[in-house]
Structures are given as structure tokens and as C-alpha cells.
Number of protein chains: 2
Amino acid sequence: MGIVRKTKSLELVLNEFRCEKTAISAIELIKRLYSKLNKTTIYRILENLEDDGVLHSFLGQEGVRWYAMCHNCSKSKHNDLHPHFECVNCGKIDCLNLEVNIPNIPNRKVSSSQILIQGKCEECYDLK
Amino acid sequence: MGIVRKTKSLELVLNEFRCEKTAISAIELIKRLYSKLNKTTIYRILENLEDDGVLHSFLGQEGVRWYAMCHNCSKSKHNDLHPHFECVNCGKIDCLNLEVNIPNIPNRKVSSSQILIQGKCEECYDLK
DNA sequence: ATGTTATTGCAACTTTGTTGCAATAACAAA
DNA sequence: TTTGTTATTGCAACAAAGTTGCAATAACAT
């Protein structure tokens with residue numbers, strides 16, 4: 001459906017993404033905004049922001065949904081084919097601004113792909 | 001923990017994978033074996049078979065877990081880094097026997113990756 | 001200032017998966 | 001074959017993540 005009205009709830013959710021350059025899981029958002037917003041509201045705002053091309057979502061290793069700011073997306077088209085990187089040490093996930101080449105596959109029509117790369121992020125890599 | 005005893009339940013689960021070349025979701029297995037096995041038993045057998053390197057698991061688009069036969073895996077090491085292909089038309093998922101090159105990423109240590117490719121499978125592609 | 005309707009909060013529900021525990025079944029040893 | 005040990009199973013209850021229906025509230029166009 002997309003966002004129609006500018007509400008306080010919407011601002012609270014958007015603010016979390018403004019302060020943060022990495023992705024945020026729905027669960028984490030619910031925890032952060034616990035005292036201010038109901039989880040149903042949060043899920044609905046996330047869905048609307050995704051419809052509008054403001055956020056994109058993907059699944060982390062544990063099967064929970066994460067959200068991150070879009071860069072070149074619009075209401076009509078999501079360009080969120082970049083891979084995501086999940087740190088096995090601190091759990092943080094962020095978007096990787098790089099292209100991974102998906103080869104053609106005989107007799108199949110590829111329409112999209114999701115790539116989750118695991119490893120140690122910058123900070124955790126430096127620690128050891 | 002891995003499989004220790006050869007039980008009827010184990011045989012029932014393994015049979016499903018013998019008849020099937022594609023992956024099977026835990027949910028689908030529970031439906032198929034509904035009258036014969038408890039879902040708890042099925043989850044436990046799947047876990048044990050994965051520990052043993054007989055099956056590997058991954059998440060499908062909807063966040064549910066799928067299982068497929070391993071080919072070169074053992075108790076000590078899983079080699080399940082191949083991509084999986086999910087048909088957007090019929091919902092089937094199977095393993096792709098191909099390598100996708102994950103580029104090096106500065107300051108990060110990549111340890112593994114999960115790739116889910118979406119599109120139309122052989123059968124659904126031919127239909128149209 | 002007012003009327004319309006999008007948004008919110010709440011409670012109840014759904015789906016997928018997990019846990020504890022007593023009963024049962026594999027199977028090694030006698 | 002019988003017996004004893006313990007892995008496996010089924011059940012019920014739980015848990016986490018997300019969804020739905022509905023009445024109350026808040027945006028905002030007029």
C-alpha cells in the first residue's frame with residue numbers, strides 16, 4: 001500500500017535507519033521502540049516503506065527479516081540485488097556495494113537472487 | 001549428535017529423499033508423514049542427518065528450512081556451498097551444481113555464503 | 001472547525017520450530 | 001533368546017516471529 005500520512009510512528013522508525021548505516025532486523029526495531037510503538041505498527045510501517053522503495057528486506061541466517069535503506073529504488077522497481085554481509089562474530093548485517101555475477105543456467109529463467117555472505121566484519125576482523 | 005540407531009522413522013524420512021531429486025521443506029515432510037510420524041521426530045531426524053553430512057539445509061524465500069541430499073559431505077565437513085534455485089512458479093527448490101565466485105572484500109574475512117536464485121525451473125519455463 | 005479515512009494499539013491467532021518427560025524400541029551382551 | 005541399557009519417539013506445552021480483525025485515534029483535505 002505504501003505510506004500515505006506522515007505520522008510520529010513513521011518518523012520514529014525512519015529515525016532508526018537515519019542513525020544507522022547497517023541493516024536492522026524487525027526484531028531489533030521492536031526492541032528499540034518497545035516503549036513507544038506496538039510491534040504490529042512497526043511491521044506495517046516496514047511493509048509500507050518497502051512498498052515505497054525506501055527500504056528493502058531480506059532474511060538473515062536465522063530466518064528473521066532484516067531491513068536496510070534502499071539507494072536506487074522506487075515505488076515501481078527495487079534494485080536490491082546486492083549481496084549482504086553478516087558478521088558471524090557481532091551479528092551485524094550490512095549491504096555490500098558490489099556485483100556478484102550469476103551465471104546463466106540452461107533451461108531456466110533467472111529473475112532474481114539473494115546472496116548472504118558470512119564472515120568477520122571490519123571491526124571484528126581487526127580485533128583478532 | 002548424529003544418527004545412532006536404524007529406526008523405522010529414520011527409514012521413512014530417508015525414503016522421501018530417495019524418491020525425490022529436489023529439496024524438501026521440513027513443512028512438506030511433516031505434511032507427507034503426518035499419519036506416521038510426529039513433527040518433533042521429523043525435526044530431530046533432519047537435524048541428525050545434517051550432523052552426519054547426509055543432508056544439508058538452507059532457508060527458502062519464505063524463511064522456512066529446506067533439506068536436500070548432500071553429495072560430498074561427511075560428518076566432519078559440509079561442502080554445501082552450491083547455490084539453490086527456487087522456482088517462482090511451482091515453488092520447487094533444487095541444488096545447482098555450479099560455482100558462484102564470491103569476490104574478496106577488503107578488510108573482511110569471508111567464511112561462507114548462501115545463494116538463493118529465483119526464476120522459472122525447467123518444467124515451468126517450458127510451459128510458457 | 002469538521003468529516004473522512006489512514007493509522008494505531010490491543011488481543012487473539014498462526015506458523016514454524018523447540019523442550020521436557022515418560023513410554024517405547026534398538027541392539028549389545030549374556 | 002532373553003535381558004539391560006539407553007537412544008528414540010510421541011505428546012503436550014512452550015517459544016519466537018509475524019499476522020489479522022476491530023474499535024479508537026490522529027492526519028489532513030475541505
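These numbers come from a predicted model, not from an experiment.

Enquirer: An account of the protein's contact with DNA strand D is requested, with residue identities and associated values reported.
Expert: The immediate surroundings of DNA strand D are formed by 22 residues, with Tyr43(A), Thr7(B), Ser9(B), Thr41(B) and Arg44(B) found nearest. Near the protein, within 4 Å, the atoms of DNA strand D are sugar or phosphate in 58% of cases. A distance of 3.1 Å separates a base nitrogen of DNA strand D from a polar atom in the side chain of Arg5(A). One nitrogen or oxygen atom from the main chain of Asn38(B) is found 3.2 Å from a phosphate oxygen belonging to DNA strand D. Breaking the surface near DNA strand D down by element, the ones donating at least two residues are helix H2 (26–32) and helix H3 (39–51) of chain A together with helix H3 (39–51) of chain B.

Enquirer: Requested: an account of the protein's contact with DNA strand C, with residues and values cited.
Expert: Lining the immediate environment of DNA strand C, one finds 22 residues, of which Thr7(A), Ser9(A), Thr41(A), Arg44(A) and Tyr43(B) sit closest. Restricting attention to atoms of DNA strand C within 4 Å of the protein, one finds that 57% of them are sugar or phosphate atoms. Taking Thr40(A), its side chain carries an N or O atom lying 3.5 Å from a base nitrogen of DNA strand C. The backbone of Arg65(B) places a nitrogen or oxygen atom 3.1 Å from a phosphate oxygen of DNA strand C. Sorting the residues of the surface near DNA strand C by element identifies H3 of chain A together with helix H2 (26–32) and H3 of chain B as the ones contributing at least two each. Here the surface near DNA strand C is built from residues that sort into eight nonpolar, six polar and eight charged.

Enquirer: Describe the relation of the copies chain B and chain A, with residues and values.
Expert: To go from the first copy of the chain to the second, apply a rotation about an axis and then a shift along the same axis. With an axial shift of 0.0 Å and an RMSD of 0.1 Å, the rotation relating chain B to chain A amounts to 179°. Each copy turns onto its partner about a two-fold axis. A shared interface surface links the copies, since 100% of the contact residues of chain B are contact residues in chain A too.

Enquirer: Before we move on, can you summarise the environment of Val4(A) with the specific residues and values?
Expert: Residues and elements named next belong to chain A. For valine 4, the position within the fold is in the segment before helix H1 (8–19). The exposed category is assigned to valine 4, whose relative accessible area is 67%. Along the chain, valine 4 and asparagine 48 lie 44 residues apart, while their C-alpha atoms are 9.0 Å from each other.

Enquirer: An account of the packing of H1(A) against H3(A) is requested, with residue identities and associated values reported.
Expert: Residues and elements named next belong to chain A. At a minimum axis separation of 10 Å, H1 and H3 run at an interaxial angle of 70°. On the basis of their axis angle, the class for H1 and H3 is roughly perpendicular. In this structure, the crossing between H1 and H3 has a hand that is right-handed. Contact with H1, carried on its side by Ser9, Leu10, Val13, Leu14 and Phe17, involves Thr41, Ile45, Leu46 and Leu49 of H3 and no other residues of that element.

Enquirer: Any details on the state of the cysteines? Residues and values, ideally.
Expert: All names here are of chain B. The full count for this structure, using the stated rule, is zero disulfides over all chains. The structure places no disulfide on cysteine 19, whose sulfur is separated from the nearest cysteine sulfur, that of cysteine 95, by 17 Å. Taking relative accessible area as the criterion, cysteine 19 reaches 60% and is therefore assigned exposed.

Enquirer: Could you give an account of the environment of Asp52(A), with specific residues and numbers?
Expert: Residue and element names in this part refer to chain A. Tracing the backbone shows aspartate 52 in the loop between H3 and strand S2 (55–59). Note on aspartate 52: relative accessible area 16%, which makes it buried. Residues in contact with aspartate 52, not counting those within four places in the same chain, are Gly2, Ile3, Ser74 and Lys75.

Enquirer: Lay out the packing of aromatic side chains in plain terms, naming residues and giving numbers.
Expert: Scanning all chains against the criterion turns up zero aromatic pairs over all chains. Here the basic side chain of Arg108(A) rests over the ring of Phe85(B), its NZ or CZ set 4.8 Å away from the ring centre.

Enquirer: Give a detailed account of the sheet that holds strand S1 (residues 24–25) of chain A, specifying residues and quantitative values.
Expert: All names here are of chain A. Within the open sheet, the three strands sit side by side as S1-S3-S2. Their pairing is antiparallel. The open sheet has two edge strands, S1 and S2, and neither has a second partner. Pairing analysis gives five bridges linking S2 to strand S3 (residues 65–69), with the strands arranged antiparallel. In the sheet register, histidine 56 faces S3, and the bridge partner there is alanine 68.

About the thresholds
Residues numbered from 1 in each chain as written. Chains lettered and ligands numbered in written order. Predicted model: local features only at pLDDT ≥ 70, side-chain atom pairs only at ≥ 80, totals over all residues. Heavy atoms only, no water. Near = heavy atom within 4 Å. Polar contact = N/O pair within 3.5 Å; in protein donor to acceptor, adjacent residues only side chain to side chain. Helix = DSSP H or I, 4+ residues; strand = E, 2+ residues; numbered from the N terminus. Nonpolar A, V, L, I, M, F, W, Y, C, P; charged D, E, K, R; others polar. Least-squares fit on C-alpha atoms with pLDDT ≥ 70 in both. Contact = heavy atoms within 4.5 Å. Buried < 20%, exposed > 50% of the residue type's maximum accessible area, 1.4 Å probe, protein only. Axes fitted to C-alpha atoms, helices over the stretch in contact; angles between N-to-C directions. Parallel < 35°, antiparallel > 145°, perpendicular 65-115°, else oblique. Left-handed = near helix turned anticlockwise from the far one by under 90°. Disulfide = S-S within 2.5 Å. Phe/Tyr/Trp six-rings, centres within 6.5 Å; stacked < 30°, edge-to-face > 60°. Lys NZ or Arg CZ within 6 Å of the ring centre and 35° of its normal. Pairing = 2+ DSSP bridges.

Any link to function would need more than the numbers given here.
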